[in-house]
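Here is how the chains run, residue by residue.
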Amino acid sequence: MLVHSKTGRWAAWGLFGLLFLPLFALPLLVVVTASFSTHWSGAFPSGPTTGNYASAVRGESLQALTTSLVTALVASLLALTVGTWAALAAARLKRRGKRSLDALFMLPVAVPSVVVGLAVLVAFSKPPVLLNGTSSIVVLAHTILVTAFAHQSVSAAIVRLDPAYEQAAASLGARPAYVLWRVKLPLLLPSLTAAAGLCFALSMGELSATMMLYPPDWMPLPVRIFTATDRGSLFGGSAVAVVLMTATLLVLLAVSRIRTRATYR
């Protein structure tokens, strides 16, 4: 920490606790507590039970979890591919072209995600590209929404790269494709894994655009949570929310291990 005195460090930690616990930890703790409860008793849930998880890990909830995982995985890979390609291309452009490309990729983030969902719905509800009512339209919307984060993350990493590595490889006779595949991409691997993890987490939690697009046979888990709580099943919805958080955290931990290994290669 930048605070050197012992009193200052304690004050900083105290301020962190006062801000972190009410704003972040306490709401999540309430959700976890509600997932093990059957009713409310005053201001807190009560009636300890594990029955809420019986339906949260099977049947429609399990199918929704699988749907979310597949959607997030495919959308993350597509976003990482497109975002990386665009970042590599933008690095060769002049400042005006780079700014235009950055603005194009940031446009879906600058507007509400429900607007992106509506735009995708209108654009792909008629031939020649008819995706409405299919799982592909959900994957496409998620890809559009998270590609900006992959693009920005990789762009920032490219700026920090030392050009001496590429110059040394080129001076030894390596072709541009070989330099890209064997030199540049390995150096970018930590940033690529970080971008993939961010895209995955954002896709797993996406709700607004998904609500406008999902077909009955492709319901992601956030929609399942919304419909459960909307019907008044607060405790069951909390259990499904805990399952969503756990699955996302496990995948992010796996990505973090990959990123750590890539950093120390």
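Let me begin by describing the structure that accompanies this report. (Residues numbered from 1 in each chain as written. Predicted model: local features only at pLDDT ≥ 70, side-chain atom pairs only at ≥ 80, totals over all residues. Heavy atoms only, no water.)

Overview of the overall build of the chain
Turning to step 1, where the next piece is worked out: Counting secondary structure elements, the chain contains eleven helices and two strands.
Turning to step 2, where the next piece is worked out: When its helices and strands are written in sequence order, the chain yields α-β-β-α-α-α-α-α-α-α-α-α-α.
Turning to step 3, where the next piece is worked out: Considering the chain as a whole, with its 265 residues, one finds that 37% of them fall into the buried category.
Turning to step 4, where the next piece is worked out: Accessible surface computed for the chain: about 16,000 Å², of which carbon and sulfur atoms make up 69%.
Turning to step 5, where the next piece is worked out: Distance between charge centres in the chain, computed from 20 positive and 7 negative side chains, equals 12 Å. (Helix = DSSP H or I, 4+ residues; strand = E, 2+ residues; numbered from the N terminus. Buried < 20%, exposed > 50% of the residue type's maximum accessible area, 1.4 Å probe, protein only. Areas by Shrake-Rupley, 256 points an atom, 1.4 Å probe, with all protein chains shown as cover. Lys, Arg positive; Asp, Glu negative; His and termini not counted. Charge placed at Lys NZ, Arg CZ, Asp CG, Glu CD.)

A word on the pattern of salt bridges
Turning to step 1, where the next piece is worked out: Under the criterion given, the structure shown has four salt bridges.
Turning to step 2, where the next piece is worked out: A cluster of three or more residues bridged by salt bridges with shared partners is formed by Arg 92, Glu 166 and Lys 184. (Salt bridge = Lys/Arg side-chain N within 4 Å of Asp/Glu carboxyl O.)

Examining the environment of Gly 14
Turning to step 1, where the next piece is worked out: Its place among the elements puts Gly 14 in helix H1 (residues 6-35).
Turning to step 2, where the next piece is worked out: Of the residues examined, Gly 14 reaches a relative accessible area of 33% and is grouped as partly exposed.
Turning to step 3, where the next piece is worked out: Through-space distance from the C-alpha of Gly 14 to that of Arg 175 is 56 Å; in sequence the pair is 161 residues apart.

Quick notes on the nonpolar core
Turning to step 1, where the next piece is worked out: The biggest cluster of nonpolar side chains holds 16 residues, and the ones touching the most others in it are Tyr 53, Ala 56 and Leu 221.
Turning to step 2, where the next piece is worked out: Every element with two or more residues in this core is listed here: helix H2 (52-56), helix H3 (59-90), helix H8 (176-205), helix H10 (221-230) and helix H11 (234-263).
Turning to step 3, where the next piece is worked out: If we ignore the near neighbours within four places in the chain, the residues touching Leu 221 are Ser 61, Ala 64, Leu 65, Ser 68, Val 240 and Leu 244.
Turning to step 4, where the next piece is worked out: Leu 88, Val 154, Ile 158 and Ala 195 belong to the second-largest nonpolar core, a separate cluster that totals 15 residues. (Core = buried A, V, L, I, M, F, W, Y, C linked by side-chain atoms within 4.5 Å. Contact = heavy atoms within 4.5 Å.)

A look at the packing of aromatic side chains
Turning to step 1, where the next piece is worked out: A full pass over the atoms with the stated rule returns one aromatic pair.
Turning to step 2, where the next piece is worked out: On the basis of an interplanar angle of 40° and a centroid distance of 5.0 Å, the ring pair of Phe 36 and Tyr 53 is categorised as tilted. Remark: Tyr 53 occurs in helix H2 and Phe 36 occurs in the loop between H1 and strand E1 (39-41); sequence separation between them is 17 residues.
Turning to step 3, where the next piece is worked out: According to the relative accessible area criterion, Phe 36 is partly exposed, its value standing at 36%. (Phe/Tyr/Trp six-rings, centres within 6.5 Å; stacked < 30°, edge-to-face > 60°.)

Observations regarding the layout of surface pockets
Turning to step 1, where the next piece is worked out: By volume, the largest pocket is sized at about 230 Å³.
Turning to step 2, where the next piece is worked out: Lining the largest pocket we find Ala 87, Ala 91, Arg 92, Lys 98, Ser 155, Ile 158, Val 159, Leu 161, Asp 162, Pro 163, Glu 166 and Lys 184.
Turning to step 3, where the next piece is worked out: Within the residue set of the lining of the largest pocket, elements represented by two or more residues are helix H6 (135-160) and helix H7 (163-171).
Turning to step 4, where the next piece is worked out: The element that contributes the greatest number of residues to the lining of the largest pocket is H6, accounting for three residues.
Turning to step 5, where the next piece is worked out: Split into classes, the residues belonging to the lining of the largest pocket amount to six nonpolar, one polar and five charged. (1 Å grid on protein atoms, 1.4 Å probe; cavity = no way out; pocket = protein on both sides within 12 Å on 5 of 7 lines; lining within 4 Å. Points joined across faces, edges and corners; volume = space filled by probe spheres on them. Nonpolar A, V, L, I, M, F, W, Y, C, P; charged D, E, K, R; others polar.)

Concerning the packing of H6 against H8
Turning to step 1, where the next piece is worked out: At a minimum axis distance of 9 Å, the contact between H6 and H8 shows a crossing angle of 160°. Taken together, the axes of H6 and H8 are roughly antiparallel relative to one another. In this structure, H6 meets H8 at a crossing whose hand is right-handed. Every residue of H8 that contacts H6 at His 142, Val 146, Phe 149, Ala 150, Ser 153, Val 154, Ala 157, Ile 158 and Arg 160 is listed here: Leu 188, Ser 191, Leu 192, Ala 195, Leu 198, Cys 199, Leu 202 and Ser 203.
Turning to step 2, where the next piece is worked out: Tallied by class, the residues present in the contact of H6 with H8 amount to twelve nonpolar, four polar and one charged. (Axes fitted to C-alpha atoms, helices over the stretch in contact; angles between N-to-C directions. Parallel < 35°, antiparallel > 145°, perpendicular 65-115°, else oblique. Left-handed = near helix turned anticlockwise from the far one by under 90°.)

A look at helix H5 (residues 113-123)
Turning to step 1, where the next piece is worked out: Within H5, the full set of buried residues consists of Ser 113, Val 116, Gly 117, Val 120 and Leu 121. One side of H5 holds all its buried residues, which, seen down the axis, span an arc of 135°.
Turning to step 2, where the next piece is worked out: Tucked into the core, H5 has its buried residues touching helix H4 (95-110), H6 and helix H9 (208-213). (Arc of directions from axis to C-beta.)

A look at the environment of Leu 198
Turning to step 1, where the next piece is worked out: Within the element layout of this structure, Leu 198 appears in helix H8.
Turning to step 2, where the next piece is worked out: Residue Leu 198 is classed as partly exposed on the basis of its relative accessible area, which comes to 39%.

Considering the packing of H4 against H6
Turning to step 1, where the next piece is worked out: In the contact formed by H4 and H6, the axes pass within 7 Å of each other and the chain directions differ by 135°. Classified by the angle their axes make, H4 and H6 are oblique. Regarding H4 and H6, the two cross each other, and that crossing is left-handed. Contacts between H4 and H6 pair Asp 102, Phe 105, Met 106, Pro 108 and Val 109 from the former with Ile 144, Leu 145, Thr 147, Ala 148, Phe 149, His 151 and Gln 152 from the latter.
Turning to step 2, where the next piece is worked out: For the contact of H4 with H6, the residue count by class is eight nonpolar, three polar and one charged.

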